[in-house]
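Summary of the model geometry
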Amino acid sequence: MNSRKFVNPPAEFRLVPFWFWNGAMEEGEILRQIREMHEKGVGGFCLAARPGLRLPYLSQVWFDRVQLAVETAASLGLQVWLHDEFPFPGGMSSERVAPGHPDHRAKYLIFEETTVQGGQQVDILLPWATVLRAIAIPLRRDRSLWDEALDIRTHIGSHHRQEVFRESNKTDGYHGKQYFTQDAVHRLFWKAPAGRWRVLVFLQKDFETPQFSGTHFDAFNREAVDCFLETTFRPYAESIGKHFGRTVPTVLTTETVEREDRLLWSPLLPQIFRERNGYDLLDSLPGLITGFGQNTARIRYDYFQTLSELIRDNYHGACQDWADQHKVNYASAVPVLRNAHQTRIHLPGSSGGREKIGALEIKGSNGSASVYRWNPKFSASLAHQTKLQRVFNTSYQGTGWSLTLQDMKWIADRLASQGCNLFTAYGFSYTLDGLRKHDTPPSQFHQNPYWKHFRLFADYVGRLSFILSQGQHVADIALLDPVTSLWTHLCHPDLGWQYVGSDPDEKKLATRLAGDWTYLMDSLSRMQRNYDCLDPEILGNARVSGGRLKVGSASYEALVIPPIANLEPKAFELIRQFYNAGGKVICLG
């Protein structure tokens, strides 16, 4: 280890806070704030537009200010990261993608369900969206007879649910009034035959979040992602491309769409699903919400796996290819559906680090240990298993104005113990004028009373990051990720693995699977037994040598298997080989 670098770490190991551009962005103030950061030991900053920005985003004046900031940082030896867009998720850049390419708009899957008796007139208003499938399934003792389902799509038509009567401004007629209808919806109008029936309608609907940008692009579609990169990152390359790979080492993405509890979808999915899996997804849609016979688990696994591969290849793959072409690193904390599919990211990261001193002891675990995006263990484990050197975390987001330097050190120490060795603090605000002070506080910048002491903290974090980037990480325990079991029991990856189905019995099992896994992670951490999370897909590509399980730069003497309901064949075979070679396999449940 280089002792001089430890005492005074280079910029690459120091804090890289988000610098929120949320005001008029005056040239003199930009220069002053960059010098403040340099004086206080910050290694650079991540340029991020935020609400309150007074310059037109991605306009010429925006890039003039960006160029000024980058050239000033270069003169001081600071690094500049570029954030993907404004604000989040989807941001204004999506508004540049979607209008010219309607087929690039993000979609999600919704459904409507009801149960009716024979002879009953079904009259249901449905959202104005693309109808994918509409079926009526006969019920016998509450059991759905899927093989006898009727296609009732032809019974769906258009309908206006609002009547308007108003004065007319037209002067070419004899009548000064006007009547018309508006607010289009679909309407299912079908009379049920004898018996009891379960009616299901699946629709493809546009993602819209008016409170942010209104429209998102389809992150599963490579052409849409390429268009996003063209409208967002290409102008940076034209403006400051000469600094890429030096002063500008990294581009960062943190969001795609605000998924909430929606079923993920893309117009491309049915065709790609058939090509990959050999059967029709539209015919199998009921399996995504309810029991659908013996193939239910396979349908759900194939659905999530296909989508996860699309995110890996078409979103992360496109961003990585762009970064490689422009000689910069691609960093991302975009939510994934399984940890193994972060392999197209040069610098994987997480967005944890929001709990202050004592909060975990007072409130207890909130289940975030098992959420890919919130727990640095996942990205750190992946780094060990793929021979990556650095793992970042966007810490301190939303911790409030009571956050102290003591809290910040405690959070950094906890994140470091989980494998993080690069900290992108969230964040430094250009201004707190007006309502801006309420935008994900606090600002750890010059507005805070502790700023005059910030150099002490910045030096400490720089040394911590430096020393944790040296040597060889050692963890003898691998904890298997039960991702495929959670998928097949409708646990939503973006909702902390909450159950999103409708079967009470399945919900109990799903909740138990997720809870047991989270408990094991919390327990190992509290016992101070270092471990890595191991995705079954990565396990399937491991090797057994000397009674140890080896993958990338990681080597494990014990594999802990939480309660699971299924396992991919390659992973099962590697476990068999490991056990037969004398490896320790601990099965729970």
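Whatever comes next refers back to the structure up there.
Residues numbered from 1 in each chain as written. Predicted model: local features only at pLDDT ≥ 70, side-chain atom pairs only at ≥ 80, totals over all residues. Heavy atoms only, no water.

You can see Phe423 is positioned in strand β17 (residues 422–423). Given a relative accessible area of 2%, Phe423 falls into the buried group. With 264 residues separating them along the chain, Phe423 and His159 place their C-alpha atoms 54 Å apart. Those residues in contact with Phe423 that lie beyond four places of it in its chain are Arg14, Leu15, Val16, Asn393, Ser395, Ala412, Leu415, Ala416, Val461, Leu464 and Ser465. (Helix = DSSP H or I, 4+ residues; strand = E, 2+ residues; numbered from the N terminus. Buried < 20%, exposed > 50% of the residue type's maximum accessible area, 1.4 Å probe, protein only. Contact = heavy atoms within 4.5 Å.)

For the bond from Tyr426 to Gly427, the omega torsion is 5°, close enough to zero to count as cis. Assignment of secondary structure puts Gly427 in the loop between β17 and β18 (428–429). The omega torsion across Pro441 and Pro442 is 10°, close enough to zero to call that bond cis. In this structure, Pro442 sits in the loop between β18 and α12 (454–468). Non-glycine residue Leu58 carries a positive phi angle of around 65°. Within the secondary structure, Leu58 is located in the loop between β2 (44–49) and α3 (60–76). For Leu58, a relative accessible area of 9% corresponds to the buried category. Located in the positive-phi region is Thr440, a residue other than glycine, with phi close to 40°. Secondary-structure assignment places Thr440 in the loop between β18 and α12.

It is worth spelling out the pairing of strand β1 (residues 18–21) at this point. Two faces belong to every sheet, and in a regular strand the side chains alternate between them. Side chains Phe18 and Phe20 project from β1 onto one buried face, and the interleaved Trp19 and Trp21 project onto a second face that is buried too. Summarising the sheet, β1 and β2 pair through four bridges and their orientation is parallel. Opposite Trp19, over in β2, you have Leu47 as the bridge partner. In the classification by handedness, the crossover that spans β1, the intervening helix α2 (residues 27–39) and the parallel β2 is right-handed. Where β1 lies against β18, two bridges are found, and the strand directions are parallel. Considered in β18, the bridge of Phe20 is made with Ser429. (Pairing = 2+ DSSP bridges. Right-handed = clockwise from strand over helix to strand, strands pointing away.)

Now for the nonpolar core. Ranked by size, the top nonpolar core spans 119 residues in total, and within it Trp19, Trp21, Trp62, Leu82, Tyr236 and Phe454 carry the most contacts. The element contributing the most residues to this core is helix α8 (residues 296–325), with twelve residues. Once residues within four sequence positions are removed from consideration, Phe454 is found in contact with Leu15, Lys40, Val42, Leu405, Met408, Phe428 and Gln444. Counting residues in hydrophobic clusters, the runner-up holds 20 residues, among them Ala129, Ala134, Ile156 and Leu188. (Core = buried A, V, L, I, M, F, W, Y, C linked by side-chain atoms within 4.5 Å.)

Moving on, we get to the packing of α2 against α3. Two elements in contact, α2 and α3, have axes whose closest approach is 10 Å; the angle formed by their N-to-C orientations is 30°. Considered as vectors, α2 and α3 are oriented roughly parallel to each other. Our pair here, α2 against α3, has a crossing hand that is right-handed. Only Arg65, Leu68, Ala69, Thr72, Ala73 and Leu76 of α3 make contact with α2, whose side of the interface consists of Glu27, Ile30, Leu31, Ile34, Arg35 and His38. Residues belonging to the contact of α2 with α3 are distributed by class as follows: seven nonpolar, two polar and three charged. (Axes fitted to C-alpha atoms, helices over the stretch in contact; angles between N-to-C directions. Parallel < 35°, antiparallel > 145°, perpendicular 65-115°, else oblique. Left-handed = near helix turned anticlockwise from the far one by under 90°. Nonpolar A, V, L, I, M, F, W, Y, C, P; charged D, E, K, R; others polar.)

In this section: the pattern of salt bridges. Summed over the entire model, instances satisfying the criterion amount to 35 salt bridges. With its nearest N and O atoms 3.9 Å apart, the salt bridge here joins Asp302 to Arg276. Linking Asp302 in helix α8 with Arg276 in helix α7 (residues 269–277), this pair joins segments that are 26 residues apart in sequence. Taking relative accessible area as the criterion, Asp302 reaches 5% and is therefore assigned buried. Since its relative accessible area comes to 34%, Arg276 is described here as partly exposed. (Salt bridge = Lys/Arg side-chain N within 4 Å of Asp/Glu carboxyl O.)

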